[in-house]
Amino acid sequence: MVEHDVKDMKLAERGKLRMEWSRQFMPVLNSIKEKFAKKKPLRNIRISACLHVTTETGNLMEALKLGGADVRLTASNPLSTQDDLAAALVRFYDIPVFSIKGEDNATYYKHIHSALDHKPHITMDDGADLVNTIHTKRQMLLKDIIGGTEETTTGVIRLKAMAKHNVLRYPIIAVNDAQTKHFFDNRYGTGQSAIDGILRSTNVLIAGLNFVIAGYGWCGRGLARRAQGAGARVTITEIDPLKAIEAVMDGYDVLPMSEAAKIGDVFVTVTGNKNVIGRQHFLKMKDGAILANAGHFNVEIDIPALMKLSKQKKRIREFVDEFTLADGRKIHLLGEGRLINLAAAEGHPAMVMDMSFANQALSVAHLVRVSKTLENAVYPVPKEIDEEIARMKLKTMGIKIDALTAEQKKYLADWEEGT
Ligand code: ADE
């Protein structure tokens, strides 16, 4: 059996069935698999992937392997691994996996190192922990690396900061910035799966609750719409005036967190920044408030401050910690402040990951073709790949659209025709 460190190989059969279930909702990735199997564009390429270990990721790993790559997988978050899928990839697909749901920080990094031990040519990140580990602790690996991809907003921000400070040592494709990724995955994926995680962990009735959403980026927009659709009263907090106006015109209340803290029943952070909810806010919250994070890292809620304010912490349900403050008020933290959609639910549905991971697969093949021409910078996914994925997705959805007529094309190219 291939090298691995997973929770329990006896879970493999169940993981295989769940991976098959998600496969049927990933038609774009399936057609890439067919092409990869025929043309082997990743022959002799070693890939280390640090992604949420889910059934959708399993299908991406299978695609890369069919393309000829030698892949290793580790988790991009200590709480996001689906242990059955990890076992299935090892047993049925001969893919080395190093991840266990609930692993501590030391194990998380030990697993990252294991995924790097085969000296990758390409890194695939969700949050930039691989790139960071390579640049700070495994520089010897740099000589073999031709490039990498990054899945999420937070990772892209980190990598752009590295490029700006001239410390990035290989080119990265920002998969997150493809339109067929963030328009759908961030908005509809996070919108649905974060609510799913909140419901699975608490079973609250959303209708009538005051939902406070910190951050009105693509994820916040999706989440606000879904929460409102389920009957919540939604308040947005923002630091960006443009996004704040958009939230107001989309029909939400906009308040500073210091005000919103007093009225919220459920708080969800999706800002990508740290300490968005902190001590001064906990002190104002209603008894029974529920806090969740749907941003990449568990830094958005100041958990150490919450611990300090509390005289007692009790795990009251799976994925729910009840903190009792000095005055007796209770605050409930979901999923240890980690990505709630992956900690307590199954992450984004396969239907939307289909486009995100089609971008990953095609970006890796693109890197193999052009990496020699790239500098140590962060690049967008080529427009042709983005458009091809949009066309393929639409086709698999059975939806037809119009095409410009010759007359319309001419009109668009013409500057003389006016009033
Ligand atoms: N990120 C969010 N949802 C995901 C999923 N289902 N698989 C992998 N990464 C994800």
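These numbers were taken from a predicted model, which means no experiment stands behind them. (Residues numbered from 1 in each chain as written. Predicted model: local features only at pLDDT ≥ 70, side-chain atom pairs only at ≥ 80, totals over all residues. Heavy atoms only, no water.)

## Things to note about helix α8 (residues 179–202)
Working note: α-helix, 3.6 residues per turn, so residues spaced by three or four point in the same direction. In this model α8 runs 33 Å from its N-terminal to its C-terminal C-alpha over 24 residues, within 8% of the 34 Å that 1.5 Å per residue would give. A bend of about 35 degrees at Thr190 is the largest found in α8. At the C-terminal side of α8, Asn203 shows a positive phi close to 55 degrees. (Helix = DSSP H or I, 4+ residues; strand = E, 2+ residues; numbered from the N terminus. Expected span 1.5 Å × (residues − 1). Bend = angle between axes of the 7 residues up to and from the residue.)

## Here's the deal with the packing of helix α2 (residues 27–39) against helix α3 (residues 55–66)
Helices that pack against each other are described as a pair by the angle of their axes relative to one another and the distance between those axes. In contact at an axis separation of 8 Å, α2 and α3 are set at 20 degrees when each is read in the N-to-C sense. As judged from the angle between their axes, α2 and α3 are roughly parallel. Considering how the two elements wind past one another, α2 and α3 form a crossing that is left-handed. Contact with α2, carried on its side by Leu29, Lys33, Phe36 and Ala37, involves Asn59, Leu60, Glu62, Ala63 and Leu66 of α3 and no other residues of that element. A breakdown of the residues in the contact of α2 with α3 according to their chemical character gives 6 nonpolar, 1 polar and 2 charged. (Axes fitted to C-alpha atoms, helices over the stretch in contact; angles between N-to-C directions. Parallel < 35°, antiparallel > 145°, perpendicular 65-115°, else oblique. Left-handed = near helix turned anticlockwise from the far one by under 90°. Contact = heavy atoms within 4.5 Å. Nonpolar A, V, L, I, M, F, W, Y, C, P; charged D, E, K, R; others polar.)

## Quick notes on the environment of Lys160
Topologically, Lys160 is positioned in helix α7 (residues 153–164). A residue is classified by how much of its surface remains accessible, and Lys160, at 43% relative accessible area, is partly exposed. C-alpha separation for the pair Lys160 and Met353, spaced 193 residues apart in sequence, amounts to 24 Å. When near neighbours in sequence (up to four residues on either side) are disregarded, Lys160 contacts Asp177 and Val378. (Buried < 20%, exposed > 50% of the residue type's maximum accessible area, 1.4 Å probe, protein only.)

## Some words on the layout of surface pockets
Leftover empty space is mapped by rolling, across the atoms, a probe with the size of a water molecule. Within this model, the largest pocket holds a volume of roughly 1,000 Å³. Surrounding the largest pocket, 50 residues form its lining, Thr153, Cys219, Val270, Thr271 and Gly272 being those nearest its centre. Put simply, the parts of the chain that give the lining of the largest pocket at least two residues each are α3, α7, α8, α9 (218–229), α14 (340–343) and α15 (350–370). A total of 5 residues in the lining of the largest pocket trace back to one element, the largest contributor, which is α8. When grouped by side-chain class, the residues that make up the lining of the largest pocket number 17 nonpolar, 21 polar and 12 charged. Residue composition of the lining of the second largest pocket, by class: 6 nonpolar, 3 polar and 9 charged. (1 Å grid on protein atoms, 1.4 Å probe; cavity = no way out; pocket = protein on both sides within 12 Å on 5 of 7 lines; lining within 4 Å. Points joined across faces, edges and corners; volume = space filled by probe spheres on them.)

## Description of the site of the ligand
Surveying the vicinity of the ligand reveals the residues His52, Thr54, Glu56, Thr57, Leu342, Glu346, Gly347, His348, Met353 and Phe357. Thr54 places a side-chain nitrogen or oxygen 2.6 Å from a nitrogen atom of the ligand. Backbone polar atom of His348 to a nitrogen atom of the ligand: 2.8 Å apart, as the coordinates give it. For the ligand, the accessible surface in isolation is 260 Å², of which the surrounding protein chains cover 96%. When contributions to the shell around the ligand are tallied by element, the ones reaching two or more residues are α3 and α15. Counted by class, the shell around the ligand contains 3 nonpolar, 5 polar and 2 charged residues. (Near = heavy atom within 4 Å. Polar contact = N/O pair within 3.5 Å; in protein donor to acceptor, adjacent residues only side chain to side chain. Areas by Shrake-Rupley, 256 points an atom, 1.4 Å probe, with all protein chains shown as cover.)

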